[in-house]
Amino acid sequence: MPSGLAALLDDVATIAKMAAASVDDVSAAAGRASVKAAGVVVDDAAVTPGYAMGFSPQRELPIIRKIAIGSLKNKFLILLPGALAISAFAPWALTPLLMIGGAYLCFEASEKLWETLAGHGDGETPTDELALSSEEQEKKMVGSAIRTDLILSAEITAIALADLANRPLATQAAALALVGLLITVAVYGAVALIVKMDDIGLHLAERPSAPARALGRGLVHAMPIVLAGLATIGTLAMLWVGGGILVHGLHEYHFDLVPGIVESLGHAAGRVPLIGPVTGWLATAAASAVVGLVTGGATVAILHLVPHKKRPAH
């Protein structure tokens, strides 16, 4: 009996070790996949605060909560099953899907740059939006934010899946679920803080403590700068990530001219003494961003500059 108990305890210990190793494997895989998707995460965090702006302060956090719930539904009900199905039945489709998503990121970033340079949309409010009630406008903005999140989350999922392609299906599922949960909590937690930063500042500005008042005024004044900075970082991140995906895809299909140039620039910049790893990464990211800008810029030029034939009037 003691020997049987010892064998049972030994089996339990073995199972526990295997479970711990599996958890460690999932955690490590999720961590690496999250790092690979960091550029899109930055853009997600930069884009989302705009959807809660223009509403009363009491509605800002409920709006962010609705978008976050929609994001979780996107990830767990649509993207996770789809990603696992691709991994199991059509792994060959991952690279072209990634490249399509990367091209879309490049287009969206280039579109933002075009609108900024051309000055489109400043000071204009569509008539149909003016006609909407506050509740209808909130519903419209939440729906738009969730659709945007679906696109960005799909890209995050695809990038993460590419890094998990050689893992067992169960590990892929667990790691993708963990990545989706962590990124959603991180992004929308940060978005909630950003959106409420001016309210926190106003609250601190009313405190009797002089340092608290100074900090509060600083937060209020910093709000526009933070939002503008996030928008810029998000656009650059989209170009870098999208261009990098395209470069990697070209390499996968053995079109090595552009990937070779990007790699050569990275190696050359990496020879700088002491800070070589940093300059090498920056050069690779900048070269990838240029690839993204050329790709996205060409698409934007076709859409905006090439004349379109008008439909005949009926």
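Attention here is on the structure that accompanies the text. Note that this is a predicted model, so its numbers are computed, not measured.

**Brief notes about the packing of helix H9 (residues 197-205) against helix H10 (residues 210-252)**
Inference 1: Contact geometry of H9 with H10 gives a least axis separation of 7 Å together with a crossing angle of 160°. With respect to H10, the axis of H9 lies roughly antiparallel. Read as a crossing pair, H9 and H10 show a hand that is left-handed. Contacts from Met197, Asp198, Ile200, Gly201, Leu202, Leu204 and Ala205 of H9 reach H10 at Ala212, Arg213, Leu215, Gly216, Arg217, Leu219, Val220, Ala222, Met223 and Val226.
Inference 2: For the contact of H9 with H10, the residue count by class is 12 nonpolar, 2 polar and 3 charged.

**Remarks on the packing of aromatic side chains**
Inference 1: Taken as a whole and judged by the stated rule, the model has 2 aromatic pairs.
Inference 2: For the pair Trp240 and Trp281, a centre-to-centre distance of 5.4 Å together with 75° between the ring planes defines the contact as edge-to-face. Residue Trp240 is found in helix H10, and its partner Trp281 is found in helix H12 (residues 276-304); the two are separated by 41 residues along the sequence.
Inference 3: Residue classification places Trp240 among the partly exposed positions, given a relative accessible area of 28%.
Inference 4: On the accessibility criterion, Trp281 (47% relative accessible area) is partly exposed.

**Re the environment of Asp256**
Inference 1: Within the secondary structure, Asp256 is located in the loop between H10 and helix H11 (257-269).
Inference 2: Those residues in contact with Asp256, other than ones at most four positions away along the chain, are Leu250 and His251.
Inference 3: A polar contact of 3.0 Å, which involves the side chain of Asp256, links it to the side chain of His251.

**Some points on the pattern of salt bridges**
Pairs can form between side chains of opposite charge whenever their charged atoms are close.
Inference 1: Overall, the coordinates contain 5 salt bridges when judged by the stated rule.
Inference 2: With its nearest N and O atoms 2.9 Å apart, the salt bridge here joins Lys66 to Glu138. Linking Lys66 in helix H4 (residues 57-89) with Glu138 in helix H7 (residues 134-163), this pair joins segments that are 72 residues apart in sequence.
Inference 3: Given the relative accessible area of 40%, Lys66 is considered partly exposed.
Inference 4: Glu138 gets classed as buried once you look at its relative accessible area, which sits at 8%.
Inference 5: For Asp199, the salt bridge goes to Lys196, with nearest N and O atoms at 2.7 Å.
Inference 6: Overlapping salt bridges bring together Arg59, Lys66 and Glu138 as one network.

**A closer look at H4**
Inference 1: The end-to-end C-alpha separation of H4 is 47 Å, in line with the 48 Å expected for 33 residues at 1.5 Å each.
Inference 2: The sharpest bend along H4 comes to roughly 40°, located at Leu79, with the proline Pro81 sitting one to four residues further on.

**Some thoughts on the environment of Lys112**
Inference 1: If you trace the backbone, Lys112 turns up in helix H5 (residues 94-118).
Inference 2: Taking the C-alpha atoms as reference points, Lys112 and Val300, 188 residues apart in sequence, are found 9.9 Å from one another.

What counts, and at which threshold
Residues numbered from 1 in each chain as written. Predicted model: local features only at pLDDT ≥ 70, side-chain atom pairs only at ≥ 80, totals over all residues. Heavy atoms only, no water. Axes fitted to C-alpha atoms, helices over the stretch in contact; angles between N-to-C directions. Helix = DSSP H or I, 4+ residues; strand = E, 2+ residues; numbered from the N terminus. Parallel < 35°, antiparallel > 145°, perpendicular 65-115°, else oblique. Left-handed = near helix turned anticlockwise from the far one by under 90°. Contact = heavy atoms within 4.5 Å. Nonpolar A, V, L, I, M, F, W, Y, C, P; charged D, E, K, R; others polar. Phe/Tyr/Trp six-rings, centres within 6.5 Å; stacked < 30°, edge-to-face > 60°. Buried < 20%, exposed > 50% of the residue type's maximum accessible area, 1.4 Å probe, protein only. Polar contact = N/O pair within 3.5 Å; in protein donor to acceptor, adjacent residues only side chain to side chain. Salt bridge = Lys/Arg side-chain N within 4 Å of Asp/Glu carboxyl O. Expected span 1.5 Å × (residues − 1). Bend = angle between axes of the 7 residues up to and from the residue.

Shape is all these values report; function is a separate question.
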